[in-house]
Amino acid sequence: MTPSTKPVRVRFAPSPTGRLHLGGARTALYDYLLARQTGGTFILRIEDIDLKRYVPGAEEELKQGLRWLGLEWDEGPDVGGSFGPYRQSERKEIYLDYARQLIDQGKAYYCFCTPQRLASMREQQQRSKLPIKYDGTCRQLDPGKAAKRVAAGEPHVIRFKIPEEGSITIHDYLRGDIVVENRTIDDYILIRTDGFALYHLAAMVDDHLMKISHVIRGSEWLSTFPLHAHIIRAFGWEEPIWIHLSIFLKPSGKGKMSKRESAELMKDGYSIYINDLQGLGYVPEAVLNCIALMGWSYDDHTEFFTKEDLIQKFSIDRLNPAPAAINFTKFDHFNGLHIRNLSIEDLCNRVKPFFLNAGYKVDDQVLMQVTPIIQQRIATLEEAPTMAGFFFEEHVYPNPQELIGAKMTAVDSANALRAVYDLLSSLPRIDTETAEIPMRNLADQLHLKAGQLFGIIRVAVTGKTVSPPLIESMAIIGKEKVLERILNGIDMLGNMA
RNA sequence: GCCCCCAUCGUCUAGCGGCCCAGGACGUGGCCCUCUCAAGGCCAAAACACGAGUUCGAACCUCGUUGGGGGCACCA
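First, a word on what this report is: a plain description of the structure on this page. Everything numeric in this text was worked out from a predicted model, so none of it was measured.

1. Some points on the layout of surface pockets
To locate leftover empty space, one rolls a probe as large as a water molecule over the atoms. Considered as a void within the structure, the largest pocket measures approximately 1,400 Å³ in volume. Looking at the largest pocket, it is lined by 46 residues, and the ones nearest its centre are Pro14, Ser15, Thr17, His21 and Glu220. For the lining of the largest pocket, the secondary-structure elements that each account for two or more residues are strand 1 (9-12), helix 1 (22-38), strand 8 (214-218) and helix 8 (259-267). When residues of the lining of the largest pocket are assigned to their parent elements, the largest contribution, 6 residues, is made by helix 1. Both domain 1 (91-245) and domain 2 (259-340) contribute no fewer than three residues apiece to the lining of the largest pocket. Estimates place the volume of the second largest pocket at around 370 Å³. Around the second largest pocket, the lining is made up of 18 residues, and of these Leu118, Arg122, Val157, Arg159 and Ile189 lie nearest the centre. Where the lining of the second largest pocket is concerned, the elements lending two or more residues are helix 4 (115-127) and strand 4 (157-160). Looking at which element gives the most residues to the lining of the second largest pocket, the answer is helix 4, with 4 residues. A class-by-class count of the residues in the lining of the second largest pocket yields 10 nonpolar, 2 polar and 6 charged.

2. So, the pattern of salt bridges
Within this structure, the stated rule accounts for 30 salt bridges. Between Asp50 and Arg192 there is a salt bridge, with its nearest N and O atoms 3.2 Å apart. Here Asp50, found in the loop between strand 2 (41-44) and helix 2 (58-69), pairs with Arg192, found in the loop between strand 7 (189-191) and helix 6 (199-209); they are 142 residues apart in sequence, far enough to count as distant. With relative accessibility at 23%, the residue Asp50 sits in the partly exposed group. For Arg192, a relative accessible area of 18% puts it in the buried group. Salt bridges linked by common partners bring Glu59, Glu60, Lys63, Arg67, Asp78, Arg87 and Glu90 together as one network.

3. Describing the pairing of strand 4
By the alternation rule, side chains of strand 4 split into Val157 and Arg159 and Ile158 and Phe160, which are all buried. Note that strand 3 (residues 108-111) and strand 4 share 4 bridges and pair antiparallel. Along strand 4, the bridge assignment pairs Cys111 with Val157. Judged from the 2 bridges that link them, strand 4 and strand 7 form a sheet pairing that is antiparallel. Bridge assignment links Arg159 to a residue of strand 7, and that residue is Ile189.

4. Describing the nonpolar core
Within the largest apolar cluster, 59 residues are counted, with the highest numbers of intra-cluster contacts made by Phe391, Leu424, Met439, Ile457 and Met474. Where this core is concerned, the elements lending two or more residues are helix 13 (344-357), helix 14 (364-374), helix 15 (383-388), helix 17 (410-426), helix 18 (432-445), helix 19 (450-462), helix 20 (470-477) and helix 21 (479-496). Sequence-distant contacts of Met474, that is, excluding residues within four places in its chain, are made with Leu424, Ile430, Met439, Ile457, Val461 and Val482. Ala25, Leu174, Tyr273 and Ile291 belong to the second largest nonpolar core, which has 54 residues in total.

Rules behind the numbers
Residues numbered from 1 in each chain as written. Chains lettered and ligands numbered in written order. Predicted model: local features only at pLDDT ≥ 70, side-chain atom pairs only at ≥ 80, totals over all residues. Heavy atoms only, no water. 1 Å grid on protein atoms, 1.4 Å probe; cavity = no way out; pocket = protein on both sides within 12 Å on 5 of 7 lines; lining within 4 Å. Points joined across faces, edges and corners; volume = space filled by probe spheres on them. Helix = DSSP H or I, 4+ residues; strand = E, 2+ residues; numbered from the N terminus. Domains from an automatic or database assignment. Nonpolar A, V, L, I, M, F, W, Y, C, P; charged D, E, K, R; others polar. Salt bridge = Lys/Arg side-chain N within 4 Å of Asp/Glu carboxyl O. Buried < 20%, exposed > 50% of the residue type's maximum accessible area, 1.4 Å probe, protein only. Pairing = 2+ DSSP bridges. Core = buried A, V, L, I, M, F, W, Y, C linked by side-chain atoms within 4.5 Å. Contact = heavy atoms within 4.5 Å.

Structure follows, in structure tokens:
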């Protein structure tokens, strides 16, 4: 059994400096699932302490993405909660207070080294192939004297004092114990010259104050994990359960997803950004299903999951720490599965904007009839207009060459179409019941294969060589328009002969 | 360069010492169904990175090598 049958408090803590991508969404999803299945709390915290990196609109996009995926947060911006504020930019003083506590206890110290000095120090270390690390100059300073320099207004930062000797054992839920020598850990800066905290302090303080029980984050934090544990232990706080998720690799499996790689993907109609996925015709159900499976599995064969399934079946015990490459073709497949899992009405609503966007005037009555016959033929919603746009068009413009049946001449084809016209116009209406058998019989009479005959009609009526089932399509288009299009096809063939 | 993490089909993964000459899924190839395209069904090719060790027995445990990844900021 999962150890988390008690209600958890988990947080998704993105910095609003970039867009919400699949990796972030997956972290948020796991947070959400854990919270929902234990009756716990899912918190959204905006990590925007660094105002210099503020990106307008990023927070909004982030929230939109989460909402689109259906990952509603219980505490955070817009919804409040009793552990706020939930934006780090509004918590500056809190962090300063805690940093000063560490100073008082001798667990942190003031540092007056200038950025220039640090840069040249690093350069030298790099040249001598030494580990790159603060050299500890200000660590030796007398605390009293340092305090006086601070009081006098000398620019300074606050650094955490890592013990010189020994090692620290930290525990990641997926990897077990990790032992790190203290001498390899840097005396990281906690508070900058401008008084703002850095992530390392801010996140630990917030997690503690917000009573976070499980920290789920990317494995890029693994290298500063020992520092974080040191900070928490310096305060004497209880540690959360740490779960470091693997990162997402590019589809090739070689290297992490980069900006450049994303641009390449966009050309193929794929994107790692949640807000793009919506426009590309992906349904949130499929996105959730896919990212859930990147690093988590239920058993050796079950792969289709709805959000409710996931809430019920997710378990951190079945998480996999190995990095994973995104497989977009599988993404398409899952999107198809979830599209087929939708009710007709639901699918109508989702597909409509894509028809509108493609410039079609959508008749809702027609759409209701069209949707069932395209449901199993589209992998993304975006494919709907190209597949079925002709249903909403007044006229259709076939390629004359395609009007000629397989192994037939233009004259043969025109004759066949004429016969079809006579047949169909004699019917009270055109649908599978009334037209299927007569049409097949006609093909026989003309010594044609059904496929040959149907092919010609298909091109004349839909304008395309590939379409939903012919007779069902004609039933939707209606007798009048069908006959009109067939006449037009006969004309086109006549002009060719 | 230093620190840390990871390692099963092309990709996502199951496997936690004998059930595995390794199971599922996507993709690929073939067949069936079929008015085109799909969907669906069936079949096939396709992997335990390498080397030592532990053990009666290793994909599973240990060590090393190799490969991949992350980090080394007054970013998060």
